[in-house]
Amino acid sequence: MPEHGLPLNVAYLGPEASFSHQAAIEVFTPRQSSTSSSTSSSTSTSTSATAAGRPVRLHPLPSFSAIFSAIQSTCSPSSLEKETEQPSYDYDYDYAVAPFENSTNGSVVQVLDLLAQCGLESDPDPGSDPDSTAGALYPDLEVCAEYYLPVHHCLFVAPSSEHKHNHKSTPDDDNTANTAATRTSGALGPTTSIRTLYTHPQVWGQCGRFLASQFPSNVVERIDVGSTSAAAQLVARETNASSNGGTGISAAIASKLAGQKHNLVCLAENIEDEPGSNTTRFFVLRNRKRRSGPGLGQGQDLFASDVGHGHQQEPSSPSQLGHHTNPRYYKSLITFTIDHTRPGSLADALAVFKQYSFNLTSIDTRPSRKRNWQYVFFVECEETSDTVRGGQNDREQKLTNMLLDLQKFTGSLRYLGRFEDRLRGGVTHVEP
Ligand SMILES: O=C(O)C(=O)Cc1ccccc1
């Protein structure tokens, strides 16, 4: 498809070949998602096209907080026209992709803590609420889509350290992840020379059984790094001289793609506790000021028209393939605090969702950081089948009314966005 229009700039947690990168590729350039071509470019920013034909540039950023800051500082739509080749940080980012939760290990708490700093306070008089979180760091951020990525982890070491452990080479083994990753974890050789493991903190809990059986914590040190691809990069740089003073080697837990990118040796693959189902749910974030683009009325989905999901070729799981004749279900993400001293305050708040026929699909908490033992609640709620028969404007009005009522029972109520439920189908709508 020929590229047309201004490029879409999308931020993700780098370096290249992280799971966030994979999710960004699948969301924004689904036609390329079955190949690793976009991770093999010489520059870290890769360019390809959305299904709608818009050029898309994927930019690796070093941390989740850098991603949130970058989206917050993105300016109005007109500023997109000053687009030139600039260092990554100076882009006006249209979207970002960030992991929210994993089916095995639960919430990505770093991202929840950043989301707790997002959104506009609904209380018009923040002074009236002593626990108000008004003055959020990222008031203009909103969630505009979700994406489910199946996640498989591999154990990698650098080729230079391979002689230090008894990994058994096979005649057709070229010692790269490309072929090694096709072996199953049953073929794992002794790992006794590994003294250090690197990965993203979310991953330890996803691979708990494998780690407990192979790496006693009194012998092997686990070191958190910024991403799984950063772990792969670190291990690839390890030389014989630098490997723990010659006493042991380091290994990374990362994706097959990250191992291929850095020519690592795969000692085991699919080491996650739930190999058939381990899935991470990502949010697509944007600056809400972008929504008021020209020609966009209420109920129109800017994300869908930017990305062209109507033409999505190969969804990563059958559940993400919707049918445009089916009704679309939308979820909303809301955060609030409650009065912890009043019995029934949480029950009162949750009763409002029931009263307006919103189904709660997830609920989570994080410390408010305003006062000890006070929490920010993260609630996702979904319209029910009764509601989806109404028009978009009616549906949005119902949500607005619900939020107005909810305000009576909560403090620091913030609306973080409304997005289509990808578990109930519905990505295959045709954009205008
Ligand atoms: O580290 C990565 O590759 C990430 O993108 C963060 C992450 C880590 C584990 C599961 C999903 C996302």
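Given the structure is predicted, the values throughout are model-derived calculations rather than measurements. (Residues numbered from 1 in each chain as written. Predicted model: local features only at pLDDT ≥ 70, side-chain atom pairs only at ≥ 80, totals over all residues. Heavy atoms only, no water.)

Draft legend 1. Examining helix H12 (residues 392–406) more closely. An ideal rise of 1.5 Å per residue puts 21 Å on 15 residues; H12 measures up with 21 Å between its terminal C-alpha atoms. Looking only at H12, the buried set comprises Arg 395, Glu 396, Leu 399, Met 402, Leu 403, Asp 405 and Leu 406. (Helix = DSSP H or I, 4+ residues; strand = E, 2+ residues; numbered from the N terminus. Expected span 1.5 Å × (residues − 1). Buried < 20%, exposed > 50% of the residue type's maximum accessible area, 1.4 Å probe, protein only.)

Draft legend 2. Representation of the environment of Arg 422 within the structure. Relative to the elements of secondary structure, Arg 422 occurs in the segment after strand E16 (411–420). On the basis of relative accessible area, Arg 422 is assigned to the buried category, the value being 2%. Distance from Arg 422 to Lys 331, taken between C-alpha atoms, is 9.7 Å for residues 91 residues apart in sequence.

Draft legend 3. Up close: the nonpolar core. Counting 31 residues, the largest nonpolar core has Phe 68, Leu 115, Phe 283 and Leu 285 as its most contacted members. Elements that contribute at least two residues to this core include exactly strand E1 (8–13), helix H2 (64–72), strand E4 (95–102), helix H3 (109–115), strand E6 (141–150), strand E12 (279–287), strand E15 (375–383) and E16. Examining the composition of this core, we find that six residues originate from one element, H2, more than from any other. Beyond its immediate stretch of four places on either side in the chain, Phe 68 contacts Ala 98, Val 111, Leu 114, Leu 115, Cys 118, Tyr 138, Leu 141 and Leu 285. Membership of the second largest hydrophobic core comes to 22 residues, among which are Val 10, Ile 25, Leu 58 and Val 97. (Core = buried A, V, L, I, M, F, W, Y, C linked by side-chain atoms within 4.5 Å. Contact = heavy atoms within 4.5 Å.)

Draft legend 4. Looking closely at the packing of aromatic side chains. Within this structure, the stated rule accounts for six aromatic pairs. With centroids separated by 6.2 Å and ring planes inclined at 65°, the aromatic side chains of Phe 210 and Phe 215 adopt a geometry described as edge-to-face. A relative accessible area of 11% places Phe 210 in the buried class. A residue is classified by how much of its surface remains accessible, and Phe 215, at 1% relative accessible area, is buried. Of the aromatic side chains, those joined through ring pairs into one cluster are Phe 100, Phe 283 and Phe 419. When the ring centre of Tyr 329 is taken as reference, the NZ or CZ atom of Arg 424 above it lies at 3.6 Å. (Phe/Tyr/Trp six-rings, centres within 6.5 Å; stacked < 30°, edge-to-face > 60°. Lys NZ or Arg CZ within 6 Å of the ring centre and 35° of its normal.)

Draft legend 5. The arrangement of the state of the cysteines in detail. Summed over all chains, the structure comprises zero disulfides. No disulfide involves Cys 154; its sulfur sits 4.2 Å from the nearest other cysteine sulfur, which is in Cys 266. (Disulfide = S-S within 2.5 Å.)

Draft legend 6. Fine view of the sheet that holds strand E10 (residues 249–254). Ordered by their spatial adjacency, five strands build an open sheet running E9-E8-E10-E7-E11, and the pairing between neighbours is mixed. Each edge of the open sheet carries a strand with a single partner, namely strand E9 (221–224) and strand E11 (265–269). Ignoring which end each strand starts from, the neighbouring axes of this sheet average 25° apart. Judged from the four bridges that link them, strand E8 (residues 194–199) and E9 form a sheet pairing that is parallel. Directly across from Thr 199, in E9, lies its bridge partner Asp 224. This element, helix H7 (residues 228–236), spans strand E7 (154–157), E8 and E10 of the sheet and lies at about 155° to E10. (Pairing = 2+ DSSP bridges. Axes fitted to C-alpha atoms, helices over the stretch in contact; angles between N-to-C directions.)

Draft legend 7. Quick look at the side chain of Arg 418. Relative to the elements of secondary structure, Arg 418 occurs in strand E16. Here the side chain of Arg 418 touches Glu 383 through a polar contact of 2.8 Å, side chain to side chain. Side-chain polar atoms of Arg 418 contact the side chain of Glu 396, separated by 3.5 Å. (Polar contact = N/O pair within 3.5 Å; in protein donor to acceptor, adjacent residues only side chain to side chain.)

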